[in-house]
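Here is what each chain is made of, one letter per residue.
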Amino acid sequence: MSAAAAVSSQLTFAGYTATPSGGIASASATFKVPTISCADDNPYLQEFGIDIDNAQYSTVLTSCDGAGNATYEFNLRTNGGGSFTGPGVSPGNTVLASIWQTTSTIETRLTDETTGVFWYDSASPTGGLSSASIGGINLGDTPPFTKVAFSKCQVNALYLGYEGPTQYNQTSGSTTLVTASRLGSPGDSFKLTFKHEI
C-alpha cells in the first residue's frame, strides 16, 4: 500500500484524490452524514462523497438557507446524462456513495444504509475517467460541522491507499478550514475535521 507522503492544500476540497495510471473504473465510500450548523444565518453549501473529474458526482449536499435552516439532499450527476437532487437523507445516517463505468454505461448511486432508500443516475459512458476525489467538496462557504468519518473507501475495487492518493486539507490562504486525517489501516478510512469558517 502506498500512503500519501505529504498534505496538499485546496480551496474547495478536503479528503483524498486518486489518479491511477490506468484511469478510473469505479470508486466507492461509506460515511455518516454530519450535522451542520446554520446558527449564524450564513448561506452555506457543502457536499460530502465522491467526485470524478468534476463531472460525475455521488454526494450528500448540505446547505443553509441564510435563515438558520439546514437542508440535506441526495445529489447525483453523470456527465452526458442527467442530474438529480432530492430529499430523503438525514444527519446521522450512514450513506454509501458509488460511481462506476463499464463499456456500456456509467452509473452514480447513493444508498442510505440507515433507511434502505437509494437513488441512482446512469448514462452512456463519455470516455476515460482519470481522477476520483473522496471527501468534502465546498461549493461556497463551508458550514460548521464536527467530524465526518469515511470508511470502506475504494478505487478500482482496491483500498484507496493502494492508488497512492494525494491527501488534501481545505485552506484559504494561511487559514485551515477542514483537515483530512491520515489513512487508517488497511488504507480505506479517514476523517474530516472542521477547523474554521471564513
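K.L.:
How should I be thinking about the overall build of the protein in this particular structure?
P.N.:
A count of helical and extended segments in the protein gives zero helices and 16 strands. At 16 Å, the protein has a C-alpha radius of gyration in line with the 16 Å of a compact globule built from 198 residues. The contacts of the protein with a sequence gap of at least 6 include a subset with a gap of at least 24, amounting to 65%. For the protein, the accessible surface area stands at approximately 8500 Å², while carbon and sulfur atoms represent 48% of it.

K.L.:
Can you walk me through the side chain of asparagine 93 in this structure?
P.N.:
Tracing the backbone shows asparagine 93 in the loop between strand E7 (83–86) and strand E8 (94–101). Using a relative accessible area of 10% as the deciding quantity, one classes asparagine 93 as buried. Looking at asparagine 93, its side chain comes within polar contact range of the side chain of aspartate 112, at 2.8 Å. Residues in contact with asparagine 93, not counting those within four places in the same chain, are Phe31, Lys32, Val33, Asp112, Thr114 and Thr115.

K.L.:
Teacher, can you tell me more about a nonpolar patch on the surface here?
P.N.:
Together, Leu158, Tyr159 and Tyr162 make up a nonpolar patch on the protein surface, roughly 290 Å² of accessible area in all. Looking at where tyrosine 159 falls in the secondary structure, it is placed in strand E13 (residues 158–159).

K.L.:
Would you explain the pattern of salt bridges in this entry?
P.N.:
Under the definition given, this model contains one salt bridge. The partner of glutamate 107 in a salt bridge is arginine 109, and the shortest N-O contact between them spans 3.2 Å.

Conventions and cut-offs
Residues numbered from 1 in each chain as written. Predicted model: local features only at pLDDT ≥ 70, side-chain atom pairs only at ≥ 80, totals over all residues. Heavy atoms only, no water. Helix = DSSP H or I, 4+ residues; strand = E, 2+ residues; numbered from the N terminus. Rg over C-alpha atoms; globule rule 2.2 N^0.38 Å. Contact = heavy atoms within 4.5 Å. Areas by Shrake-Rupley, 256 points an atom, 1.4 Å probe, with all protein chains shown as cover. Buried < 20%, exposed > 50% of the residue type's maximum accessible area, 1.4 Å probe, protein only. Polar contact = N/O pair within 3.5 Å; in protein donor to acceptor, adjacent residues only side chain to side chain. Patch = residues over 30% accessible without salt bridge, like charges linked within 9 Å, V, L, I, M, F, W, Y side chains within 5 Å. Salt bridge = Lys/Arg side-chain N within 4 Å of Asp/Glu carboxyl O.

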